[in-house]
Amino acid sequence: MCSTPKAEDKGLPLLEIEELRIEFGTFEGVSHVLDGVSLSLERRGTLGLVGETGCGKSITAKAILRLLPEPPAKIVSGSIRFQGEDLLRKGKQDMRKVRGRKIAMVFQDPMTFLNPVFTIEQQLVDVIVAHDEGRQGGRPVSRKEAREKAVALLRDVRIPQPEERIRAYPHEFSGGMRQRVLIAMALSGSPDLLIADEPTTALDVTIQAQILKLTRDLVRERELSVLLISHDLGVVASVCRQIAVMYAGTVVENCSTKQLFRNPIHPYTQGLLSSILTFSTRKARPEGIKGAIPDLIHPPAGCRFHPRCPKAHELCRREKPEAVQIEKGHWVRCHLHSGLSKNG
Amino acid sequence: MIRVVEGMSRLNRWKKEHDSQIRSFKLTLYTLGRSPLSLIGFCLVAVFLIMALIGPMIITYPGDITGALHLDRKLSAPSSSHPFGTDEVGRDIYSRVIMGTRLSLQIGLIIVFVAMGIGIPLGMAAGYMGGWVNEIIMRVTDIFLSVPGLLLALAIVGALGPGITNAMIALSIVWWPGYVRLVQGKTLALREEAYVEAARSIGASKLRLIFSHILPNCMSPIIVKASMDMGMAILFAANLGFIGVGAQPPVPEWGAMISTGRNYLPDHWWLATFPGLAILITVLGFNLLGDGLRDVLDPQSRG
Amino acid sequence: MGVTIFGLSLIVFVISRVAPGDPAKLAAGPDATEEMVEVIRHEFGLDKPLPYQYILYMKGLLRGDFGKSIRTHRRVLDDIKDYLPATLELVFVSIGFSILVGVLFGVLSSVYRDTWIDHGARFFSVAGVAVPMFWMGIMLQILLAAKFQVLPLGGRLDTMVVPPAPITRFFLIDSLLLADWRAFWNAGSHIILPAFVLSFPALASITRINRAEMIEVLHKDFILNEKAQGLSNRLIVWKYTLKNALIPTLTMVGLRYGWMLGGTVLVETVFDWPGIGHYAVSAAVYSDFQAVMGVTIVLGLNFMIANLLVDLGYGMLDPRVRYD
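Residues numbered from 1 in each chain as written. Chains lettered and ligands numbered in written order. Predicted model: local features only at pLDDT ≥ 70, side-chain atom pairs only at ≥ 80, totals over all residues.

Peer 1: Please give an account of the overall build of chain A that cites residues and values.
Peer 2: For chain A, the helix and strand inventory stands at 12 helices and 12 strands. The buried share of chain A, reckoned over its 344 residues, is 44%. Within chain A, contacts between residues separated by at least 24 positions form 64% of all contacts whose residues are at least 6 apart in sequence. (Helix = DSSP H or I, 4+ residues; strand = E, 2+ residues; numbered from the N terminus. Buried ≥ 20, exposed ≤ 12 C-beta atoms within 10 Å, placed from the backbone. Contact = placed C-beta atoms within 7 Å.)

Pasting the structure below:
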C-alpha cells in the first residue's frame, strides 16, 4: 500500500518501500524494530524521514543498502523497489554494485565515519576506482585520473584549496569540512539517490546551515533524489518537499512539507510540532509528548502510539490502523480518521 | 501459613531493593558461563587445587617423593602399577608428578603474594602521592621491566646460587614491577574521581581514603592479574628448574624432573613427557580462568 | 633511555655482589692455594671496596668492556661477540614468523568468525602461551628428530658442513650471499625447530590480539561507510581494517619480543644452539658474574632498542601520534 500518490507524471517512483518488517535478535529477546514501513520517492524528489531516536529511521535507511548485519537483523517481509527492482532479492555482488553507484549514503558523525589512518586522497581514490570497476566499456580509470576526479569533487562540495587539502588526514579537518568530504565521497559514483542519515546532527548550528544549503545546491545541480533522515523537523523542512513521520517502526503520516505544517493530522505529528513551535501556535510554552517510546521487544498491541496518545480509544488498543488519504498527497495511519473519505 | 506469606513478602522486598545488584550478578554469571573456555579453566584450576590438597592421599609410592632408590625398577615404561613409568632410579613418576602439584602451588602462591605485597603498596604510594615519589618509583620499575623477566631471574639466581628458595626470591623480584604499574595507573585515575574528592573534602584521613575507596576499586584488575600470574609464575619456576638453577633434584619439581629426564631421551620418553603435561595443564587452567575473570571483572582492559 | 641503562647496570652490579660465596675461590678451582686465590682476586679487582668496583665497572662498560669471564677466561665482550649473532638470527627468524603468521591467522579468524577456523585459532592462541617452551622443544625433538628423523636434533649446522664466510655472521644470509646452497639448506633445516618453538607463545599472543582488534575495528563506523560506498570486502579487510588493528598488535609484538629474548635461554639449551642464552645459562650455573651481567645488559639494550622501533612503528601507522 502506497502512501504517496502515483498520479504524478514522473513515471515509476525511484524508490518504493512496501510494508517492510524487520526484527532484531537481542540478549533479551526479539525486537520488532520495523512494523510495516511504507514510503515512496519519485525522481528528483526530496523526502524527509522524521522521528525520535529509536523509531527505526536509521534502520530503514540501512536496510535500503542492505547494510544491516543479517544474523542479528532479520528482514521478515516487505519489499524495497529501486528503479523497479527489489533490492531485497539481490545477491551480495549485485548489491555491491548498487552501493555508491546507484544509491549513496552520507552518514552522521564525520569524525567516526572516516578512516583515521588513511588520507582523504587514499579513501576517495579507492572509492572512485571501486565505482569504476562495475562500469562496462572503456579503459579502467587510472589512479591519477581518480585523484583528479577526487580533487574536482572536493571543489564541488566547496572545500577550499582541494589539491593541498586532499593529502590531509581526517583529524586535520574541522567537523563541517569532514562532512563535506563524506558528501563528496557519496557523490563520487554519480548516484541517482542520496540517503543522508542525520547529516547535520553532529555539527554546530552555523555549520548545519551551510551543509543544508550545500545539499540544496547539489540537488539542483546534479538532479539528485534525496532521502533525508533526521530527528530535527527544521532540518528536514529546509531541504525536503515531502515528509514522512515515523514512530516506533511505522510511518504514521506522509505528506508534503506545507501540508505537515499547515494541517498535521496524526496526534504524534501534532505533538512533535507543539514541542517545537511556540510563536505560531496559540500556546505560550512548548509541550512535550507524555510517556516514552515503547519497548520494541514487547510492543503495545494495536496502534503502537496509543499509550501516549491523548485521543486514544478502544479500537486503537486492539487494531493497527491502515493508511488513509486525508487530502491529495496526504496519508495518515490513525483510527480517528479511518472513517473519512479519500478525498479531503 | 502467615509465616510463609511474611517470609515471601520479605523476600520480595529484598529482591526489589537489591534489584540492580541482582541484575549485575546475573549478568556476571551469564558472561562467565557463556564462555566454555573460562569454565574449562575453572575446572582445571579446581583439579589442580584438589590435587595439591589431597595429594598425599592419592599417590601410590609416597616413599618415592625424594630419597628412595629402587634400581631394580628403574626406567620402566608406563604400566598399570606405574601409570607414568619410573625414572632413572626407579621412582614412580606418577607420585612425583602429583606431589609436584603441591610444590608448584606453594611456589606460585609465594611468588605472587610477595610480588603483590611489595608491588601494591608501592604502586598506591606512587599513584597517590605523585611528584618525585612517583617519579622515583616508576623509574625504578621501568628499569626492572627493561630486562626480559627470565634473564633477570637468571641473573639473580646466578648470583644467589641455585635452589628453590633463591628461585622464588628471584621470581618475586621479577614480578613485583608489574603490580606497581597496574596499581599506580589505577590509583592515579581514581584519585581524581569525584567521590574521592568528596571524601577528602569532609576530612577523611589519607589512610582511610586509600583503604576504603581506592583499594576496593583496584581489586578487580589485581585479581585478574594475580590469577594469570599464578600460572606464569609456576611456568617460570619450572623454567628455572629446567635450566638447573631452580629446584634441585631430588625435589619433585616438574621443571627439574624434565631436565633429568632429558638425559634419557628418546627411548625413555616418559620421564620428560608427563611432568611437562602437568605444567601445560596447570598453566592453561590459570590462563583460561584469568581470561574469564577479566571478561567479567575488567572488560575494558585487553591482554 | 640513558637513565634506564645506567639503572640497569647498577642493579645488575648490586645483584652480582650480593652473592654469597667467593667468586675468586670458585674461579681458582678446588686445588688452588691461598696465593693463587689472592692473585685471581686481585686480577678481577675483587679486593677493592664496592663503590670503587662499581666505578671501575661503569668505566669499563662505557668502553664496551664487560670484564673477564671466570669460566672461559676470555673477555666477556669477546664471548658475547661470538655468541650474539646466533641468538639474533634465531630471534629475528622467530619474531618475523610470529608476526607474519600471527597477523594472518588473526585476520582470517576474524573474517571467518565462529567457524572451525576461528575456534581452532582461538584455542591455539590461548593454549599456546601456556605450553612450556623447553618441554615443547623436547617433545618435538623426540617426534621429529628421533622418531621420524625429519629434522636435525640440535646445533646450527651439521658437523660436516662448513659454515659460510662471516659477513653478517647470520648463516642464512651469509650462505645466500655466497650462493652456498648446501650451507643455506643445512642452516635452514637446523633453525626451523628452535625458531618455531621460540616463536610459539608470541605467535599465540599476536594471533589473539590481532583477531580481537580486527573484530573491534570491523564494528567501527568508518568500516560501515566504506561498505556503503561499495568497496570490496577484500579491500576493506586487508587494507582499511588491518592497518587500524595493527596498532595495538604492535604493542603486543614489542612485549612478546622481550619474552622471546628471555626464552632464548631455554630454547638454546634444548637445541644446543650456540647463542648467548646458552652462554648465560652456563655462566649462571657457574656463578660467573661478569658474564651474566654482560649478557643481561646486552639483551636489556636489545629490548630497549626494540621498544624504540615499536614507537617509531606507531608513528608510521597512526598519523594522529606524529609530531610534525
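What follows picks up the thread again.
Peer 1: Go over unusual backbone geometry, please, and point to the residues and values.
Peer 2: The step from P249 of chain B to P250 of chain B runs through a cis peptide bond, and the omega angle for that step is 10 degrees. By the secondary structure assignment, P250 of chain B is in the loop between α9 (206-243) and α10 (254-261). The phi dihedral of Q83 of chain A falls on the positive side, at around 50 degrees, and the residue is not glycine. Relative to the assigned elements, Q83 of chain A resides in the loop between β4 (73-82) and β5 (85-86). Given 16 C-beta atoms within a 10 Å radius, Q83 of chain A is considered partly exposed.

Peer 1: Go over the sheet that holds strand β7 (residues 193-197) of chain A with me, naming the residues and quoting the values.
Peer 2: Residues and elements named next belong to chain A. Overall, mixed pairing links the 8 strands, which are arranged β6-β7-β8-β3-β9-β10-β12-β11 in an open sheet. Strands with a single pairing partner mark the edges of an open sheet, and in this sheet they are β6 (103-106) and β11 (323-327). Adjacent strand axes in the sheet meet at a mean angle of 20 degrees, parallel and antiparallel pairs treated alike. In terms of strand pairing, β11 meets strand β12 (residues 330-333) through 4 bridges, oriented antiparallel. Counterpart to V324 in the pairing with β12 is V332. Across the face of the sheet, helix α7 (residues 175-187) comes into contact with β6 and β7 while running at roughly 170 degrees to β6. (Pairing = 2+ DSSP bridges. Axes fitted to C-alpha atoms, helices over the stretch in contact; angles between N-to-C directions.)

Peer 1: Describe the environment of E253 of chain B, with residues and values.
Peer 2: All names here are of chain B. Here E253 is to be found in the loop between α9 and α10. Residue E253 is classed as buried on the basis of its 28 C-beta neighbours within 10 Å. Along the chain, E253 and R96 lie 157 residues apart, while their C-alpha atoms are 8.2 Å from each other. When residues no more than four places from it in sequence are discounted, the contact partners of E253 are G100, L103, I164, G241, G246 and A247.

Peer 1: For the packing of helix α9 (residues 181-218) of chain C against helix α11 (residues 233-271) of chain C, give the residues involved together with the corresponding values.
Peer 2: Residues and elements named next belong to chain C. Packing of α9 against α11 brings their axes to within 8 Å, and their N-to-C directions diverge by 160 degrees. Our classification of the angle between α9 and α11 gives roughly antiparallel. Considering how the two elements wind past one another, α9 and α11 form a crossing that is right-handed. Looking at the contact of α9 with α11, its residues break down into 19 nonpolar, 7 polar and 2 charged. (Parallel < 35°, antiparallel > 145°, perpendicular 65-115°, else oblique. Left-handed = near helix turned anticlockwise from the far one by under 90°. Nonpolar A, V, L, I, M, F, W, Y, C, P; charged D, E, K, R; others polar.)

Peer 1: Which residues make up the packing of helix α5 (residues 131-145) of chain B against helix α7 (residues 164-191) of chain B, and what are the values?
Peer 2: All names here are of chain B. At a minimum axis separation of 9 Å, α5 and α7 run at an interaxial angle of 135 degrees. With respect to α7, the axis of α5 lies oblique. At the point where α5 passes α7, the crossing takes the left-handed sense. For the pair α5 and α7, contact is made by I137, M138, T141, F144 and L145 and by P177, V180, R181 and Q184, respectively. In terms of residue class, the contact of α5 with α7 is built from 6 nonpolar, 2 polar and 1 charged.

Peer 1: Describe the interface of chain A and chain C, naming the residues involved and giving the relevant values.
Peer 2: The interface of chain A with chain C comprises 24 residues on the first partner and 18 residues on the second. When residues of the side of chain A that touches chain C are assigned to their parent elements, the largest contribution, 4 residues, is made by helix α4 (residues 120-133) of chain A. The residue makeup of the side of chain A that touches chain C, split by class, is 13 nonpolar, 6 polar and 5 charged.

Peer 1: How would you sum up the nonpolar core? Please name residues and give values.
Peer 2: Within the largest apolar cluster, 159 residues are counted, with the highest numbers of intra-cluster contacts made by A153, L171 and A233 of chain B together with A280 of chain C. Apart from the residues lying within four places of it in its own chain, the contact partners of A233 of chain B are I107, G108, I111, V112, L171 and W175 of chain B. Counting 96 residues, the second largest nonpolar core, distinct from the first, contains L20, L39, F113 and V332 of chain A. (Core = buried A, V, L, I, M, F, W, Y, C linked by C-beta atoms within 7 Å.)

Peer 1: Let's hear about helix α4 (residues 93-129) of chain B: which residues, and what values?
Peer 2: With 37 residues, α4 of chain B ought to run about 54 Å at 1.5 Å a step, and its terminal C-alpha atoms sit 53 Å apart, in line with that. Positive backbone phi, approximately 60 degrees, marks G130 of chain B, located one or two places after α4 of chain B. (Expected span 1.5 Å × (residues − 1).)

Peer 1: Provide a residue-level description of the interface of chain B and chain C, including the pertinent values.
Peer 2: With 44 residues of chain B at the interface, the matching set in chain C holds 48 residues. Among the secondary structure elements, those contributing two or more residues to the side of chain B that touches chain C are α5, α6 (149-160), α9 and α11 (270-297) of chain B. For the side of chain B that touches chain C, the element with the highest residue contribution is α6 of chain B, accounting for 11 residues. Counted by class, the side of chain B that touches chain C contains 28 nonpolar, 11 polar and 5 charged residues.

Peer 1: Give a description of the sheet that holds strand β1 (residues 15-26) of chain A that names residues and reports values.
Peer 2: All names here are of chain A. One open sheet holds the 4 strands; their spatial order is β2-β1-β4-β5, and the pairing between them is antiparallel. Of all the strands in the sheet, the pair left with one neighbour each is β2 (29-41) and β5. Both β1 and β4 contribute to a ladder of 8 bridges, which runs antiparallel. Within the sheet, the bridge partner assigned to E23 lies in β4 and is K74.

Peer 1: Report on the pairing of β2 of chain A, specifying residues and quantitative values.
Peer 2: Bridge count for β1 of chain A against β2 of chain A is 9 bridges, and the pairing is antiparallel. Counted as the bridge partner of T26 of chain A is G29 of chain A from β2 of chain A.

Peer 1: Explain the environment of L188 of chain B to me, and be specific about the residues and the numbers.
Peer 2: In this structure, L188 of chain B sits in helix α7. Looking at L188 of chain B, the number of C-beta atoms within 10 Å reads 17, which means it is partly exposed.

Peer 1: Describe in detail the environment of V298 of chain C, supporting the description with residues and values.
Peer 2: Relative to the elements of secondary structure, V298 of chain C occurs in helix α13 (residues 289-317). Along the backbone, V298 of chain C and L84 of chain C are 214 residues apart, and their C-alpha atoms lie at a distance of 9.2 Å.

Peer 1: Residue-level account of the confidence of the model for chain A, with values.
Peer 2: All names here are of chain A. Taken as a whole, chain A shows an average pLDDT of 84; of its residues, 90% reach a score of 70 or greater. Across residues 1-10 the pLDDT falls below 50, and counting only partners more than four positions away or on other chains, this stretch makes 20 contacts in the model. This stretch, residues 340-344, has a pLDDT under 50; its non-local contacts, to residues over four places away or in other chains, come to 5 contacts. (pLDDT = per-residue confidence, 0-100.)

Peer 1: Quick rundown of the confidence of the model for chain B? Include the residues and the values.
Peer 2: Residues and elements named next belong to chain B. Per-residue pLDDT for chain B has a mean of 82; in total, 84% of the residues score no lower than 70. Here helix α8 (residues 194-201) stands out as the least confident element of chain B, with mean pLDDT 66; α10 is the most confident, with 91. Across the interfaces of the predicted complex, the ipTM metric reaches 0.86, alongside a pTM of 0.85.

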